[in-house]
Amino acid sequence: MWRGWQIVRLLILIVPFPLCLLACAPAAEPVTKPEFDAGRSYEYLKSICRLKSRISGSPGMAAQQKLISEHFRKLKAQVQFQSFDAPHPLNGTPVRMNNMIVSWYPKAKKRILLACHYDTRPFPDRDRRQPQGLFIGANDGASGVAFLMELGNVMHNLKISQDYGVDFVFFDGEELVYRENDPYFLGSKYFANQYKTEPRDYEYVYGILFDMIADKNLAIYMEKNSLKYAPQLTRSIWEAAQRVGIKQFIPQAKFEIRDDHLPLNEIARIPTCDIIDFDYPAWHTTRDIPRYCSGASMAKVGKVLIYWLQNAP
Ligand SMILES: [Zn+2]
């Protein structure tokens, strides 16, 4: 039988021990599940759109380059510019082009390329009322950038499959296009040719392109050129979507799209999939503005991609 004073003595003996443990033990690492923040990605999208048009070589584009490089340098990623000149399609004068390359784990020799274009086309040519109006490309331009900016916030919390390195590449000159026959994909063509011809000691195992991924009514079908050039990769992404329960990734082929993934597949021979929601009524109009976009849509793509990155084949 215990007496009161014995219990008190026992407490005096045992209580300080766990108290000391609590005080002396290093703070446990918080178990954080890497989560893509919908609200924050939408804020990024709006701040990019506040720069108005971001045509290749324009002041809006220069401001965007500053915004992107500051964001990723703060996150301790390596930021590089791949610069070249391209003739302006209307008068042939050189336009300074810059692909931006943001590297995570730059020493890894097997790498994954995650890309978007970050220029906006000069005019909303499909706008019946204002084909020469202001085009700010909230979905067609800003969504890919905002998506990668938010993904950057979780990169250090990811355990990336096979210890792949990852590069975020922002292509310039996707659509410095004034007339139907003006050349598209200036940045990705340059990047692919450099990759093909320059000596290098690393290899891109996969490429994934993000374009128009913020539509409020998100529906992403398997794109036909992606299935043609990168069938295994494309299927693995839609399988990842199924695993995490994102029904907006529909495992059926629908559109055949010419986009920055073509030079990557055809010139650089990097198996690359285009994740694009092409059912977007505001496409190439003055109505491609934040109001028709949603952070929740970008977060759905983010959830799929985070799962895929951690389980990549
Ligand atoms: Zn476009």
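Here the structure is shown first, and the text comes after it.
Reading guide: rules and limits
Residues numbered from 1 in each chain as written. Predicted model: local features only at pLDDT ≥ 70, side-chain atom pairs only at ≥ 80, totals over all residues. Heavy atoms only, no water. Donors = N, O, S within 2.8 Å, 3.2 Å for Na, K, Ca; no water. Helix = DSSP H or I, 4+ residues; strand = E, 2+ residues; numbered from the N terminus. Buried < 20%, exposed > 50% of the residue type's maximum accessible area, 1.4 Å probe, protein only. Phe/Tyr/Trp six-rings, centres within 6.5 Å; stacked < 30°, edge-to-face > 60°. Lys NZ or Arg CZ within 6 Å of the ring centre and 35° of its normal. 1 Å grid on protein atoms, 1.4 Å probe; cavity = no way out; pocket = protein on both sides within 12 Å on 5 of 7 lines; lining within 4 Å. Points joined across faces, edges and corners; volume = space filled by probe spheres on them. Nonpolar A, V, L, I, M, F, W, Y, C, P; charged D, E, K, R; others polar. Expected span 1.5 Å × (residues − 1). Contact = heavy atoms within 4.5 Å. Core = buried A, V, L, I, M, F, W, Y, C linked by side-chain atoms within 4.5 Å.

Protein coordination at the zinc ion comes from Asp 140 (OD), Glu 175 (OE), Glu 175 (OE) and His 284 (NE2), with a distance range of 1.9 to 2.5 Å. The sequence pattern formed by the donor residues of the zinc ion is D-x34-E-x108-H. Residue Glu 175 is located in the loop between strand 4 (165-171) and helix 6 (186-197), and its partner His 284 is located in the loop between strand 8 (272-276) and helix 10 (295-310); the two are separated by 109 residues in the primary sequence. Looking at His 284, the relative accessible area reads 4%, which means it is buried.

Looking now at unusual backbone geometry. Even without a glycine there, the phi angle at Asp 163 is positive, about 55°. Following the sequence through the fold, Asp 163 ends up in the loop between helix 5 (138-154) and strand 4. For Asp 163, a relative accessible area of 58% gives the class exposed. The backbone of His 284 sits at a positive phi, close to 60°, despite the residue not being glycine.

Per the stated rule, a full pass over the model turns up 20 aromatic pairs. Each member of the aromatic cluster is reached from another via a ring pair, and the members are Phe 72, Trp 104, Tyr 118, Phe 168 and Phe 170. When the ring centre of Tyr 195 is taken as reference, the NZ or CZ atom of Arg 200 above it lies at 3.6 Å.

Its location among the elements puts Gln 65 in helix 4 (residues 59-74). Here Gln 65 falls in the buried class, since its relative accessible area comes to 12%.

Estimated volume of the largest pocket: approximately 360 Å³. Those elements that provide at least two residues to the lining of the largest pocket are strand 1 (78-87), strand 2 (94-104) and helix 6. Residue classes in the lining of the largest pocket are distributed as seven nonpolar, five polar and six charged. Taken together, 19 residues form the lining of the second largest pocket, with Glu 175, Tyr 184, Arg 258, Trp 283 and His 284 sitting closest to its centre. Residues that form the lining of the second largest pocket fall into these classes: seven nonpolar, two polar and 10 charged.

The next subject is helix 6. Taking 1.5 Å as the rise per residue, helix 6 with 12 residues should run 16 Å; its terminal C-alpha atoms sit 17 Å apart, in good agreement. Here helix 6 has its buried residues at Leu 186, Gly 187, Ser 188, Phe 191, Ala 192 and Tyr 195. Looking at the packing, one finds that the buried side of helix 6 touches strand 1, strand 2, strand 3 (110-117), strand 4, strand 5 (203-211) and helix 9 (261-266).

It is worth spelling out the nonpolar core at this point. In terms of nonpolar packing, the biggest core is built from 71 residues, with Phe 72, Leu 114, Leu 151, Phe 168, Phe 170, Ile 275 and Trp 308 touching the most fellow members. Top element by residues in this core is helix 5. It accounts for nine residues. One finds Ile 101, Leu 113, Ala 115 and Phe 171 within the second-largest nonpolar core, a separate group that totals 13 residues.

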